[in-house]
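Tertiary structure, described
Single-letter residue listing:
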Amino acid sequence: GIQVEQSPPDLILQEGANSTLRCNFSDSVNNLQWFHQNPWGQLINLFYIPSGTKQNGRLSATTVATERYSLLYISSSQTTDSGVYFCAVERGADGLTFGKGTHLIIQP
Amino acid sequence: KAGVTQTPRYLIKTRGQQVTLSCSPISGHRSVSWYQQTPGQGLQFLFEYFSETQRNKGNFPGRFSGRQFSNSRSEMNVSTLELGDSALYLCASSLRYEQYFGPGTRLTVT
């Protein structure tokens, strides 16, 4: 099946810093989503981005489908940004395949 | 629009028992998928239902099953529970590709 690798696995930053999270995938996909999992386990949709660039406030994402990677940018980090960020991809109707996530800690 | 809802939110069962979890999708969404999240294996796809038919299934034993009703609500069942089935079970609904997740059911098997 398709492989998804996220980096870095862990990231500790000071409030106000910027960060870039990376997602590499092994095959062409028709769906790529970024999620933030809150402490209660809920997966919150950040972006649906199988290709191109999108922005939502302090967050933006870029997917280069031909090179099989996606980047999530977080600017001016806040403590509420802490948590686990997942990249998930889908090929056809095979269900989402998730990466292992990036555990982000923003310190005040 | 109301989001995806899952019931119950928490459940404690004993080995050997069976359990049924319920998921109500976003209104108008006909596809419902189920995922299992454990610390060791991460998030894994269980199965997907569309218009009451299982469209795809992940690599899980036959003890894991599901169904979808005509109103798109879905249930998943796990029979003969094992300790390793302790996990967060997440349901997602979609209109086409983008999936929206519910809050999950946290199952503990003792």
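The following refers to the structure shown. (Residues numbered from 1 in each chain as written. Chains lettered and ligands numbered in written order. Predicted model: local features only at pLDDT ≥ 70, side-chain atom pairs only at ≥ 80, totals over all residues. Heavy atoms only, no water.)

1. Points about the sheet that holds strand β3 (residues 19-25) of chain A
All names here are of chain A. Read from one edge of the open sheet, five strands run β1-β3-β8-β7-β6, paired in antiparallel fashion. Looking at the sheet topology across the chains shown, the edges are occupied by β1 (4-7) and β6 (52-56). When strand polarity is set aside, the average angle formed by the axes of neighbouring strands in this sheet is 15°. Where β3 lies against strand β8 (residues 69-74), six bridges are found, and the strand directions are antiparallel. Looking at β8, one finds that T20 is bridged to Y73. (Pairing = 2+ DSSP bridges. Helix = DSSP H or I, 4+ residues; strand = E, 2+ residues; numbered from the N terminus. Axes fitted to C-alpha atoms, helices over the stretch in contact; angles between N-to-C directions.)

2. Description of the interface of chain B and chain A
Each side of the interface is counted separately: chain B has 17 residues, and chain A has 18 residues. Around 1500 Å² of area is buried between chain B and chain A when both sides are counted, 50% of it from carbon and sulfur atoms. If you look at where chain B meets chain A, you find zero salt bridges. Put simply, chain B and chain A have eight residue pairs in polar contact (both at pLDDT 80 or more) between them. (Contact = heavy atoms within 4.5 Å. Buried area = accessible area lost by both parts, 1.4 Å probe. Salt bridge = Lys/Arg side-chain N within 4 Å of Asp/Glu carboxyl O. Polar contact = N/O pair within 3.5 Å; in protein donor to acceptor, adjacent residues only side chain to side chain.)

3. With respect to the pairing of β1 of chain A
Residues and elements named next belong to chain A. Side-chain alternation along β1 places V4 and Q6 on a buried face and E5 and S7 on a face that remains uncovered. The pairing of β1 with β3 spans four bridges and is antiparallel. Looking across to β3, one finds that Q6 is bridged to C23. (Buried < 20%, exposed > 50% of the residue type's maximum accessible area, 1.4 Å probe, protein only.)

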